[in-house]
Each structure stands twice: as structure tokens, then as C-alpha cells.
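# Coordinate analysis (summary)
Given next are the chains, with one letter for each unit.
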Amino acid sequence: MGPFEVTFVQRALWGGVLVSLICALAGTWVVLRGMAFFGDAMSHGMLPGIAVASLLGGNLLLGAAASAAVMALGVSAVGRSPRLSQDTSIGLLFVGMLSLGVIIVSRSQSFAVDLTGFLFGDVLAVRTTDLAYLGGALGVALAISVLGHRPFVALAFDERKAHTLGLRPRLAHVALLTLLTLAIVASFHIVGTLLVFGLLIAPPATVLPWARRVPTIMAGAALLGISATFVGLLLSWHLDTAAGATIAGTAVLQFLLSTLAAGLGNRRARSAPRPTTTDRSHMEYGHAS
């Protein structure tokens, strides 16, 4: 019997597909704006909210969302200081939030959250309710992406021009942070906070050398994320490895192969002989005739 004939593997595949689509929408902007470090910090900064939600018997996803929102607001506030770079602000808040989460965990002997699951997820434990939740998150992410596409493009390439065109870059930045938070919170319980970063960054970065339009990058990232999910689950089944880690590793391998192919293509283009003036005149004459 093949792996995709088993019910829980089928649910894992559908969960990975939905996560890949959500991460493609958010991850494209993360890569274009150079926000990879911020995305990594966001994914790890959810631990305090999850810990508190577990202690209070609340919803872990709501705790994760609240913690991610605090992280985003903190970065925006601290980042306004002219003496601190954005990377410094993100790094300090990242360490602070992660430390707070570890302190809460260490002080509570009845802590119910499995830290291994938090870090690495459990894609093979996806339930039907999880698929419904991911479907709703995908709908919201798609709506934000469509409504904010024009200001997102302007914000990614020229923030001053976005302000000149009246596209309200600050509001667009908040919407982009909301999209990123949604992607991370929706995906962490499937592939974990350490591995969601792989599906968020690797597929768009893989497509970037080969595409120039944002929708093309998103579509390519979605296809690569889905293929990484399929191949990762297949390898995990036959090699008896961790499913989430295998999926993320496959996504990173795709990026490495793409980078290698792009590098070889650029090297060949540079080493190709350029046509002489006589050759160009013949080409132009032949084209004209």
C-alpha cells in the first residue's frame, strides 16, 4: 500500500498544500522586502503566547497570534529609534520574547505544550478541523494579497514613491505584517516554528532568479511548496524520517539547485563570445531582409 492511500497521509498532504499556498502569498513579499530575519523572529516570538494560553487553558492559536502581534508592534515601535538599526531592534525583541517563553516554561511544572511539537510540528497529525482552519486562513490571506497588491508592490520597491502616489505605505506595512503573522500562526502547528520558515522563504527565493513579475513568483512558489510537500512526505514514508523536517529540507534543496542552475547560466552568459561589429551588421541586415 502506498503512502497516499493512508488517510492521515492524505490529510498531511492537503495540510501541506494549504500551508504552501498561504506561505507563497506572504513569503513572496518577505523575500522581496528582505524581511527574512523578521519572519524568523516572528516565528520564534510566539512561544510566550502559546505558553500562557496553555497555562490558562485557552486556545493555543489565539495565544500564538497575540504573541506575534506584540512582536510586530514592538519591532515597529523600537524600530523608530534613529540610533538603532532595524536588525538590532528585531534581534533584541527576538531574544527577549524567546527568553520570556523559556522562563514561563521553566517555571511551570505542569506545562502542557510539547516543545518538540512547537518547534517541529506534526504534519502527520493534521485533522479535518485543521484543514478547515487552514482553508479559512488561505481565504483571508488571498483577500489581503489582492486588496493590497498595488501598495505592496510600491512598498517593496520604492517606499517614497508609494507615499507620493497616496498609497499609504504605513497602512500597507501593517497589512503586510498581518499577512505574515497569519501565515506563521496558521502554519506553525503543522510544520513547527523552525520549519515554517523553510516553506515561507525557500520557495519564493527559488523562483526569484527565474521570474520578474510578482504573480509569477507567487504561483511558482506555490507549485514548489506543493511539490516539496509531496516529495517530502514520500521520502519520509520510505526513509522513516520526520515528515515536517523532510518537507522543509526538500524545499531548501530546491533552492540550492535553483541557485546552482542560475549561477551556471550566468557564467555561460558571461563567457559567451560577443558578436563583432561586422557580425551585428550582418544580423541586422539579415533581420531587415
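The present account deals with the structure reproduced in this document. This structure is a prediction, so every number in the text was calculated from the model and none was measured. (Residues numbered from 1 in each chain as written. Predicted model: local features only at pLDDT ≥ 70, side-chain atom pairs only at ≥ 80, totals over all residues. Heavy atoms only, no water.)

### Things to note about the overall build of the chain
We count it as follows: Segments assigned H or I by DSSP are reported as helices when at least four residues long, segments assigned E as strands when at least two residues long, and all are numbered from the N terminus. Exposure classes here rest on a 1.4 Å probe applied to the protein chains alone. A residue is buried below 20% of its type maximum, exposed above 50%, and partly exposed in between. Here, residues are in contact when the closest pair of their heavy atoms is within 4.5 Å.
Scanning the chain from N- to C-terminus turns up 13 helices and zero strands. Out of the 289 residues in the chain, the part that is buried amounts to 45%. For the chain, the share of sequence-separated contacts (at least 6 apart) that also reach a separation of at least 24 residues comes to 74%.

### A closer look at the packing of helix 1 (residues 7-32) against helix 7 (residues 128-147)
Here is the rule: What counts as an axis is a line fitted to C-alpha atoms, over the stretch in contact for a helix, and the angles between N-to-C directions run from 0 to 180 degrees. Just so you know how the angles are binned, under 35 degrees is roughly parallel, over 145 roughly antiparallel, 65 to 115 roughly perpendicular, and the rest oblique. In this scheme the handedness of a crossing depends on how the near helix is turned from the far one: anticlockwise by less than a right angle means left-handed, clockwise means right-handed. All residues other than Ala, Val, Leu, Ile, Met, Phe, Trp, Tyr, Cys, Pro, Asp, Glu, Lys and Arg, Gly among them, are scored as polar; the first ten of these are nonpolar and the last four charged.
For the pair helix 1 and helix 7, the least separation of the axes is 9 Å and the interaxial angle reads 20 degrees. The angle between helix 1 and helix 7 falls in the class roughly parallel. Here helix 1 and helix 7 pass one another in a crossing that is left-handed. Contact residues: Arg11, Trp14, Gly15, Leu18, Val19, Leu21, Ile22 and Leu25 in helix 1; Thr128, Leu131, Leu134, Gly135, Ala137, Leu138, Ala141, Leu142 and Ser145 in helix 7. Residue composition of the contact of helix 1 with helix 7, grouped by class: twelve nonpolar, four polar and one charged.

### Some words on the pattern of salt bridges
Note the cut-off: Salt bridge, as used here: a side-chain nitrogen of Lys or Arg that lies within 4 Å of a carboxyl oxygen of Asp or Glu.
A complete count under the given rule lists one salt bridge for this structure. The residue arginine 127 makes a salt bridge to aspartate 130 at a minimum N-O spacing of 3.4 Å. For arginine 127, a relative accessible area of 53% gives the class exposed. Look at aspartate 130 and you get buried, because its relative accessible area is 10%.

### Let's talk about helix 7
Test applied: Expected helix span is taken as 1.5 Å per residue step, with the number of steps being one fewer than the number of residues. Summarising the geometry, the arc corresponds to the directions from the helix axis toward the C-beta atoms.
Between the first and last C-alpha of helix 7 there are 29 Å, a value that for 20 residues agrees with the 28 Å anticipated at 1.5 Å per step. By the burial criterion, the buried members of helix 7 are Asp130, Leu131, Leu134, Ala137, Leu138, Ala141, Ile144 and Ser145. Down the axis of helix 7, the sector holding all buried residues measures 140 degrees, keeping them to one side. For helix 7, the exposed residues lying more than 90 degrees away from the buried face are Thr128, Thr129, Ala132, Val146 and Leu147.

### Quick look at the nonpolar core
The cut-off we apply is this: What makes a nonpolar core is a set of buried Ala, Val, Leu, Ile, Met, Phe, Trp, Tyr and Cys residues whose side-chain atoms join them at distances within 4.5 Å.
Ile22, Trp29, Phe38, Met46, Val123, Leu179 and Leu200 are the most contacted members of the largest nonpolar core, which has 63 residues in total. In contact with leucine 179, other than residues within four places in its own chain, are Leu25, Ala26, Trp29, Ala141, Ile144, Ser145 and Phe152.

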